[in-house]
Amino acid sequence: MIRLRRLFRLTQLALHVLVGVIITAIYAGLLRRAAIDPSYQQLRRWWLGRIVRIVGGQVTTYGEPAPAGSLLAANHVSWLDIALLGGQTEVTFLSKSEVKSWPVIGWLADKSGTLFIERGKSGGAKGASDKITSSLEHQERVLIFPEGTITDNIHLLPFHARLFAAAVTANALIQPVAIHYQNTQGQTHPLVPYLEPQTLMQNLWRILAEPKILIAVHFLPPIDSQAVPRKELASYSEQQVRSALKLN
């Protein structure tokens, strides 16, 4: 049964990626539509949301996404976070620059308007902040993972303040977002976190075997970026996510 479930879902996922390539080739290539084109955004949201459904995810949302032009700051658990939040609302992603060179996925990310950050490079953080600021000023919702890495959904790392500077500069709202993956017993799911030394395929293979993944997404009350300094904005956002996840 598990083998059949895996093969069925893997086939669905492969076909769905092909659909994404075709959609992107038509809209970004043939029609030369910008990533913020409403019809392109709608299709992208459907495509990302279906990835979650294919792997057995059942999503329950609490609250509403902040208005366009807001900075979303979420905890980071899995590669699935991107599809999860991208399926909930129109959002511009921030990703490490290495992703751009990945076969197929990098091309899809680039053509969908992803902002790439060159980690560890001099000026990389400022360049990322400038890109986020510009996107916010153009009324895009931008998603960041301010922990800076993936965690196990049981622990939460401190939120780095530097990326919050873009919201301050753009006078944009900041919305903390809490993501919680659970198994059918309501416990934190042990297989979803994409932790080293796993490869992406190893993590995907484990997820595909699961009959159902329960996912809670908490869109928490937005914060005025002008209220306090950015370090306090980061700290308060972290506290809100920690509280929603019921972490100490």
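As a reminder, the structure under discussion sits directly above these lines.
All of these numbers come straight from a predicted model, not from anything done at the bench.

Peer 1: What's the story with the packing of aromatic side chains in this structure? I'm lost.
Peer 2: Given two aromatic rings, their pairing is described by the distance between the two centres and the angle made by the two planes. Overall, the coordinates contain one aromatic pair when judged by the stated rule. On the numbers, 5.4 Å between centres and 25 degrees between planes, the contact of Y27 with Y40 is stacked. Taken together, the residues Y27 in helix α1 (residues 2–30) and Y40 in helix α2 (residues 38–54) connect sequence positions 13 residues apart.

Peer 1: Even after reading the chapter, I still don't get the layout of surface pockets, so can you show me in this structure?
Peer 2: Regions of empty space are outlined by a rolling probe, equal in size to a water molecule, passed over the atoms. The calculated volume of the second largest pocket comes to roughly 290 Å³. Among the residues forming the lining of the second largest pocket, the class breakdown is six nonpolar, seven polar and four charged.

Peer 1: Mind showing me how you'd approach empty space enclosed by the protein here?
Peer 2: The tally for this structure, following the rule as stated, stands at one cavity of 30 Å³ or more. Its boundaries defined by the atoms lining it, the largest cavity holds a volume of some 40 Å³. In terms of lining residues, the largest cavity is bounded by Q41, R44, R45, L48, G86, T89, E90 and V91. Here the lining of the largest cavity gets four residues from one element, more than from any other, and that element is α2.

Peer 1: What is the right way to look at the side chain of R141 in this model?
Peer 2: The topology assignment puts R141 in the loop between α5 (124–137) and β5 (142–144). Although buried, R141 forms no salt bridge, and the nearest oppositely charged side chain, E90, lies 4.1 Å from it. Polar contacts involving the side chain of R141 include one to the main-chain carbonyl oxygen of E90, which spans 3.0 Å. Apart from residues lying up to four places away in sequence, R141 is in contact with P65, A66, P67, A68, G69, S70, L72, T89, E90, V91 and T92.

The rules behind the values
Counting restarts for each chain: residues are numbered from 1 in the order of the written sequence. Where local features are concerned, this predicted model is filtered to residues with pLDDT of at least 70; where side-chain atom pairs are given and counted, the filter is 80 or more; whole-chain, interface and lining totals use all residues. To obtain the side-chain values, all non-hydrogen atoms of the structure were used and water was disregarded. A pair of Phe, Tyr and Trp rings is counted when the ring centres sit within 6.5 Å of each other, with Trp represented by its six-membered ring. The angle between the planes then sorts it: under 30 degrees is stacked, over 60 is edge-to-face, the rest tilted. Helix and strand assignments follow DSSP, with helices taken as H or I runs no shorter than four residues and strands as E runs no shorter than two, numbered in order from the N terminus. Residues are said to line a cavity or pocket when one of their atoms sits within 4 Å of a point; the points come from a 1 Å grid over protein atoms alone, cavities being sets where a 1.4 Å probe fits but cannot get out and pockets being open sets with protein on both sides within 12 Å along at least five of seven lines. Grid points are joined across faces, edges and corners, and a volume is the space filled by probe spheres set on the points. Amino acid classes used here: Ala, Val, Leu, Ile, Met, Phe, Trp, Tyr, Cys and Pro are nonpolar; Asp, Glu, Lys and Arg are charged; the rest, including Gly, are polar. The buried label applies to any residue whose accessible area, calculated with a 1.4 Å probe on protein chains only, is under 20% of its type's maximum; exposed applies above 50%, and partly exposed to all values in between. His residues and chain termini do not enter the charge count, which takes Lys and Arg as positive and Asp and Glu as negative. Salt bridge criterion: a side-chain nitrogen from Lys or Arg within 4 Å of a carboxyl oxygen from Asp or Glu. Polar contacts, as counted here, are pairs of nitrogen or oxygen atoms within 3.5 Å of one another; within protein the pair requires one atom able to donate a hydrogen and one able to accept it, and residues that are adjacent in sequence qualify only if both atoms are side-chain atoms. The contact criterion used throughout is that any non-hydrogen atoms of two residues lie within 4.5 Å.

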